[in-house]
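Residue strings, one per chain:
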Amino acid sequence: MPQKRRSQSWTELKQAGNECFRAGQYGEAVNLYSQSIQLLEKSGQKNKEDLGILYSNRAASYLKDGNCSECIKDCTTSLELVPFGFKALLRRASAYEALERYRQAYVDYKTVLQIDCNVPAAHDGVNRMTKALTDIDGSSWREKLPPIPTVPMSVKESLAQAASSAPSPQQNSVIDNKKKAPGPEAAKKAKALKEEGNAFVKKGEHKKAVEKYTQSLGQDPTEVTTYTNRALCYLSLKMYKEAISDCDEALRLDSANIKAFYRRAQANKELKKKKSAIEDLNSVLKIESNNMAAQKLLQEVQKMK
């Protein structure tokens, strides 16, 4: 008789979801996280932190798949389970921004900065929302904001630490810059190596440029432009998966980086991933509506079979 297949535990389902997320299989990741949530809730354990992470992870999958409404619902549930959850706030802010709900996005980005003031994605988000709201409401835009919650000091300390150490499948999750930021000497070396890489790019020597950028990132793994520069080289070398990986890393550090979205779209186009390429180009045009290169590439991708 055939052996009965062993039931998977909620942790195994979560891990499988993480693997699907990393592989870009966001719909399957949603399915696996949903099964994990159901199993954990039925178990009677109902650990709030574990459930909060699962909802936040599923929200990340929804966000990547362009389902911003479901992302917001899951982030809100996660935040009810674990108030001021760092990653859930960032993901909900991104979803609000994509839906042009700029006031709510501003509040979430500002709340993140109360937890950790060294988050580039949150700073950039606040700047974008400030500009958008000023354009809409003029100088009185602050008067129309929902109240911004005050994060208790004890929560700031514990959540900032958790945000830096907890594993997550989310490409757009925030890197802990305090932990990874280089010292002055390393930053100087990184800059010099990056400039050497730039010089090789100008000569068309992309393999040598990749080597220099890789060495530079070894000194400073928080420099966004080094990732996008190396992605450009990978595109020239037809190493499209590597280009996507670098763009993912750049977007973890800066969730609105136009070059990262555009170059990832180029790589996705070459890999025949039409839907992903269109999503990335739409992200570019949300940030910079008159970007001619993105408009042209979008037309080319839309014609793909």
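Residues numbered from 1 in each chain as written. Predicted model: local features only at pLDDT ≥ 70, side-chain atom pairs only at ≥ 80, totals over all residues. Heavy atoms only, no water.

*Asks:* Describe the layout of surface pockets, naming the residues involved and giving the relevant values.
*Replies:* Computed from the structure, the largest pocket encloses a volume of approximately 1300 Å³. Together, 43 residues line the largest pocket, and Phe 261, Arg 264, Glu 279, Asp 280 and Ser 283 are the ones closest to its centre. Listed by contribution, the elements that provide at least two residues to the lining of the largest pocket are helix H3 (48-64), helix H5 (86-98), helix H6 (102-115), helix H7 (120-137), helix H13 (240-253), helix H14 (258-270) and helix H15 (274-287). Ranked by residues supplied to the lining of the largest pocket, first place goes to H15 with eight residues. (1 Å grid on protein atoms, 1.4 Å probe; cavity = no way out; pocket = protein on both sides within 12 Å on 5 of 7 lines; lining within 4 Å. Points joined across faces, edges and corners; volume = space filled by probe spheres on them. Helix = DSSP H or I, 4+ residues; strand = E, 2+ residues; numbered from the N terminus.)

*Asks:* Mind laying out the pattern of salt bridges, listing which residues take part and the relevant values?
*Replies:* Across all of its chains, the model carries 15 salt bridges by this definition. Between Glu 70 and Lys 73 there is a salt bridge whose closest N-O contact spans 3.2 Å. Pair noted here: Glu 70 and Lys 73 are both in helix H4 (residues 68-81), with a separation of three residues, about one helical turn. Residue classification places Glu 70 among the partly exposed residues on the basis of a relative accessible area of 25%. Across the pair Asp 280 and Arg 264 runs a salt bridge, and its minimum N-O distance is 2.7 Å. With Asp 280 in helix H15 and Arg 264 in helix H14, this pair connects stretches of sequence that are 16 residues apart. There is no split in this pair, since Asp 280 and Arg 264 are both buried. (Salt bridge = Lys/Arg side-chain N within 4 Å of Asp/Glu carboxyl O. Buried < 20%, exposed > 50% of the residue type's maximum accessible area, 1.4 Å probe, protein only.)

*Asks:* Please provide a residue-by-residue account of the confidence of the model for the chain, values included.
*Replies:* For the chain, the mean per-residue pLDDT works out to 85, and 88% of the residues sit at or above 70. When mean pLDDT is taken per element in the chain, H4 scores highest with 95 and helix H9 (residues 177-180) scores lowest with 40. Per-residue pLDDT stays below 50 along residues 1-5; that stretch engages in zero contacts with residues further than four places along the chain or on separate chains. Scored below 50 in pLDDT, residues 163-179 makes 51 contacts in the model with residues more than four places away or belonging to other chains. (pLDDT = per-residue confidence, 0-100. Contact = heavy atoms within 4.5 Å.)

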